[in-house]
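# A closer look at the structure
Here are the chains, one letter per residue:
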Amino acid sequence: MKRTILASSVLSILFCAPILAQMPANTSASSRPASLGRELTLAQAEGLALKNNPQITIGKLHALVAHQYVREARSALLPNAYLSVTAVDSNPGSRLAAGSLNNSILFPRAAAGATVGQLITDFGRSTNLLASSESQAKAEDQNAAATTAQIVLVVDQAFYNVLETKALVAVAEQTVDSRQLLVDKIKALTDAKLKSELDLSFARVDLARGKLLLLEAHNNYQASLAALSAILGYPDEQDFQLVEEQTAIAAPAPEVLPLIQQALQQRPEVLALQDEVQAAQKFGSAEHDLWRPTVSALGVVGEAPVRDNHIPNWYGAVGVNVNIPIFNGFLFNARAKSADLQTEANRQKLADLRNNIARDVRTSWQDTARSYERLSVTQQLREQAGLALDLAQSRYNLGLGSIVEFSQAELQKTEADIADTDAKYQYRLTQIVLAYTIAAPR
C-alpha cells in the first residue's frame with residue numbers, strides 16, 4: 001500500500017515537472033527583494049559624465065587657453081600706450097663718460113609723460129601669427145569635442161555592458177532554478193528507487209555548474225556597474241537601475257564608402273588636425289616674414305614741472321622707425337626651416353589619421369553587419385535548443401533517454417540563451433562604436 005502511494009506521488013512529480021520548469025523565472029523574481037537603486041536612463045548617464053568627468057573640463061580649459069593666445073597675437077596689431085614718471089638728481093655739469101652713445105648730459109628734473117606706439121606694418125608677419133593662433137584655437141575646440149565624443153562612447157559602452165551582464169544574471173538565475181527543480185525531482189525518484197544515484201549525481205553536477213555560472217554572472221555585473229559608476233564620476237559603486245530604451249533593431253548601412261566619407265568630413269579629430277595644419281602653414285609664413293622690414297610709429301608728450309633751466313617745461317615728439325634685418329647668424333633661416341618641417345609633419349599626421357579612420361569605419365561596419373547576422377542565428381539556436389531540451393526532458397521522463405542526454409540538452413539550452421542575450425547587446429554596442437567612428441549626430 002505504501003509503495004503504491006509513493007509511486008503515485010512520483011508520477012505526480014513527473015507530470016507536474018514540465019509545468020514547474022516554466023515557473024522559476026516568475027516565482028524567483030517575486031521572491032527576491034527589489035533593489036533600491038535609483039533609475040538611470042542613457043541620456044541621464046551621458047549628462048552625468050559630461051558634468052562630472054575631469055577630461056571634459058580639461059578639454060574646455062585647453063580651448064579657453066588657446067583663445068587667449070589669439071588675443072595675445074592680436075595685441076601686436078593694436079596701439080601700445082603707457083605712462084612714465086621720471087625723477088633725476090645729478091651733480092651740476094655731470095656727463096656720462098662710458099657705456100652709451102646717446103646724449104651724455106644729465107639734467108636734474110622731475111617729469112611725467114605718455115608714450116604711444118603703433119605698428120604700421122611688418123608686411124604680414126603679425127597677421128599670419130594671428131591667423132595661426134586662430135586656427136590653433138579652432139583645433140583646440142575640435143579636440144574638446146573629440147574628448148566629449150570619446151567620453152560619451154565610453155559611457156554608452158559601460159551602460160550597455162551593465163544591461164548585458166544583468167540580463168546574463170537573469171539567465172543564470174533561471175538556469176539555477178530549473179536545475180534545482182530537476183535535482184529535487186530526481187532525488188524524489190531516487191528515494192523511490194525509480195532512478196539511480198548516478199542520475200542524481202549528474203543532476204547535482206549540473207546544478208553546481210549553474211551556481212558557478214551565476215556567481216560569475218554576478219561578479220561581471222558588479223564589475224560593470226563599478227566601471228559605469230567610475231565613468232560617471234562617483235568614487236564608489238552606485239546601485240543604478242538602468243532603464244533600457246526599447247527601440248527597433250535596424251539593419252546596418254548597405255554600403256561602407258558613404259560612411260567613410262562622412263567620418264572624414266565630420267570627425268572632430270580630422271577637423272582638429274586640419275586646423276593644426278593650417279595653423280602651422282600660417283606660422284611658417286610668419287617665420288619667413290621675419291626677413292621683411294618692420295615699420296612702426298612712436299609719439300611721446302609730457303611735462304617737467306621741476307627741471308633744470310636748460311630744459312623746457314614740456315616736451316613732445318613723433319617719429320617713424322624702420323628696422324631692416326641684415327644678418328643674425330642664420331637665426332631666421334633656422335626658424336623658417338623648422339616651421340616648414342613642422343607643417344609637413346602635421347600633414348603626414350593628418351594623412352595617417354585619415355587612413356586609420358577609414359580602417360576603423362570599415363572594421364566597425366563589418367562588425368555591425370556580422371553582429372546583425374548573428375542575431376537571427378542565435379535566435380534560431382535558442383529556439384532549436386529549447387525544442388531539443390523539451391524532447392530530451394520528455395524522453396527522460398518516459399525512461400527512454402539517459403541523464404547524460406538530458407544534461408547535454410540543458411547545457412546547450414543555457415549556452416544558447418547566453419549567446420542570444422549576448423548577440424542582442426553586442427549588436428547594440430557595435431552600432432554605438434560605428435556611430436562614434438563616423439561622428440553621427442545624436
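Residues numbered from 1 in each chain as written. Predicted model: local features only at pLDDT ≥ 70, side-chain atom pairs only at ≥ 80, totals over all residues. Heavy atoms only, no water.

## Let's talk about the overall build of the protein chain
The condition is simple: Put simply, DSSP H or I for four residues or longer makes a helix, DSSP E for two residues or longer makes a strand, and each gets a number counted from the N terminus. Radius of gyration: C-alpha atoms only; globule rule: 2.2 Å multiplied by the number of residues to the exponent 0.38. Only protein chains enter the area calculation, which uses a 1.4 Å probe; residues under 20% of their type maximum are buried, those over 50% are exposed, and those in between are partly exposed. Note on contacts: a residue pair qualifies if any of its non-hydrogen atoms lie within 4.5 Å across the two residues. Values of accessible area rely on a 1.4 Å probe in the Shrake-Rupley scheme; residue burial ignores everything except the protein chains shown. In this charge count, Lys and Arg are treated as positive and Asp and Glu as negative; neither His nor the chain ends contribute. One atom stands in for each charge, and that atom is NZ of Lys, CZ of Arg, CG of Asp or CD of Glu.
Along its length, the protein chain carries ten helices and six strands. Computed over its C-alpha atoms, the radius of gyration of the protein chain comes to 40 Å, more than 25% above the 22 Å expected for a compact globule of 442 residues. For the protein chain, with 442 residues in total, the buried portion stands at 36%. Contacts in the protein chain between residues far apart in sequence, at least 24 positions, make up 83% of those at least 6 positions apart. Accessible area of the protein chain: about 25900 Å², with a carbon and sulfur share of 59%. Both charge centroids of the protein chain, one from 40 positive and one from 45 negative side chains, sit 1 Å from each other.

## Some points on the pattern of salt bridges
To be explicit about the condition: Take a side-chain nitrogen of Lys or Arg and a carboxyl oxygen of Asp or Glu: if they are within 4 Å of each other, that pair is a salt bridge.
Inspection of the entire model under this criterion finds 17 salt bridges. Asp191 is paired through a salt bridge with Lys187; the nearest N and O atoms lie 3.3 Å apart. You can see Asp191 and its partner Lys187 sitting in helix α5 (residues 125-191), four residues apart, about one turn around the helix. A salt bridge links Asp420 to Lys424; the nearest nitrogen and oxygen atoms lie 3.7 Å apart. Of this pair, Asp420 and Lys424 both sit in helix α10 (residues 403-437), four residues apart, roughly one helical turn. The class for Lys424 is partly exposed, based on a relative accessible area of 44%. It is possible to trace a salt-bridge network through shared partners that takes in Arg382, Lys413, Asp417, Asp420 and Lys424.

## Regarding the nonpolar core
Our working rule: Put simply, buried Ala, Val, Leu, Ile, Met, Phe, Trp, Tyr and Cys residues joined by side-chain atoms within 4.5 Å make one nonpolar core.
If you look at the biggest cluster of nonpolar residues, it comprises 42 residues, and the most contacted ones within it are Tyr160, Leu232 and Leu242. If you list the elements that add at least two residues to this core, you get α3 (42-52), α5, α6 (197-231), α9 (331-397) and α10. The greatest single-element share of this core, amounting to 14 residues, is contributed by α5. When residues no more than four places from it in sequence are discounted, the contact partners of Leu232 are Leu40, Ala45, Leu48, Ala49, Asn52, Val155 and Phe240. Among the nonpolar cores identified, the runner-up in size contains 16 residues, and Ala263, Ala358, Val361 and Leu434 belong to it.

## Considerations on the environment of Thr378
Along the polypeptide, Thr378 turns up in helix α9. Residue class for Thr378 comes out buried when judged on its relative accessible area of 5%. Here the alpha-carbon distance between Thr378 and Asp422, two residues 44 residues apart in the chain, equals 9.2 Å. Setting aside its immediate chain neighbours within four residues, Thr378 contacts Ala419, Asp420 and Ala423.

## Quick notes on the pairing of strand β5 (residues 294-307)
Test applied: Should DSSP find at least two bridges between two strands, the strands are regarded as paired.
For strand β3 (residues 109-121) and β5, the ladder comprises eleven bridges, and the chain directions are antiparallel. Residue pairing in the sheet places Gly117 in a bridge with Leu298 of β5. Bridge count for β5 against strand β6 (residues 314-323) is ten bridges, and the pairing is antiparallel. In the strand pairing of β6, Glu303 is matched with Trp314. The antiparallel pairing of β5 with β6 creates a hairpin that spans six residues between the two strands.

## Re the sheet that holds β5
Note the threshold: Axis definition: a line fitted to C-alpha atoms, over the contacting stretch in the case of helices. Angles run 0 to 180 degrees between N-to-C directions.
Strand order across the open sheet formed by four strands is β2-β3-β5-β6, with antiparallel pairing between neighbours. Looking at the sheet topology across the chains shown, the edges are occupied by β2 (80-88) and β6. On average, each strand axis in the sheet is tilted by 20° relative to the strand beside it, whichever way the strands run.

## Some remarks on the packing of α5 against α6
Short version of the rule: To sort the angles, those under 35 degrees are grouped as roughly parallel, those over 145 as roughly antiparallel, those from 65 to 115 as roughly perpendicular, and the leftovers as oblique. By convention, the crossing between two helices is left-handed when the near helix turns anticlockwise from the far helix through less than a right angle, and right-handed when the turn is clockwise. Residue type decides the class: Asp, Glu, Lys and Arg count as charged, Ala, Val, Leu, Ile, Met, Phe, Trp, Tyr, Cys and Pro as nonpolar, and the leftover types, Gly among them, as polar.
With their axes 8 Å apart at the nearest point, α5 and α6 run at an angle of 160° to one another. Judged on the interaxial angle alone, α6 and α5 are roughly antiparallel. When you trace α5 past α6, the crossing you get is left-handed. Tallied by class, the residues present in the contact of α5 with α6 amount to 21 nonpolar, eight polar and ten charged.

## Thoughts on the packing of helix α7 (residues 257-266) against α9
For the pair α7 and α9, the least separation of the axes is 9 Å and the interaxial angle reads 140°. In terms of orientation, α7 lies oblique with respect to α9. Considering the relative orientation of α7 and α9, their crossing is right-handed. Facing Leu257, Leu259, Ile260, Ala263 and Leu264 of α7, the residues of α9 in contact are Arg354, Ile357, Ala358, Val361, Arg362 and Trp365.

## Re the packing of aromatic side chains
Here a ring pair, both rings aromatic, is described through the centre-centre distance and the interplanar angle of the planes. As a reminder of what qualifies: Whether two aromatic rings pair depends on their centres lying within 6.5 Å, for rings of Phe, Tyr and Trp, where Trp uses its six-membered ring; planes under 30 degrees apart make the pair stacked, over 60 edge-to-face, and the rest tilted.
Taken as a whole and assessed by the stated rule, the structure comprises five aromatic pairs. A ring pair is formed by Tyr372 and Tyr427, whose centres lie 5.5 Å apart and whose planes are at 45°; its orientation type is tilted. Taken together, the residues Tyr372 in helix α9 and Tyr427 in helix α10 connect sequence positions 55 residues apart.

## Some remarks on α10
Condition: Every helix has an expected span of 1.5 Å times one less than the residues it contains.
For α10, built from 35 residues, the straight-helix expectation of 51 Å at 1.5 Å per residue is met to within 8% by its first-to-last C-alpha distance of 50 Å. After α10 finishes, the residue Ala439 shows a positive phi value of roughly 55°.

## Some thoughts on the side chain of Ser90
Here Ser90 shows up in the loop between β2 and β3. When its relative accessible area of 14% is taken as the criterion, Ser90 is described as buried. Beyond its immediate chain neighbours, meaning those up to four positions away, Ser90 contacts Leu106, Phe107 and Pro108.

## Some words on a nonpolar patch on the surface
As a reminder of what qualifies: Patch members must show over 30% relative accessible area and no salt bridge, and they are joined within 9 Å when carrying like charges or within 5 Å when they are nonpolar side chains of Val, Leu, Ile, Met, Phe, Trp or Tyr.
A grouping of Ile120, Val320, Val322, Ile324, Ile326, Phe327 and Phe330 is seen on the molecular surface, where their side chains present a nonpolar patch of about 800 Å² in accessible area. Assignment of secondary structure puts Phe327 in the loop between β6 and α9.

Read these as layout, nothing more, since geometry by itself doesn't imply function.
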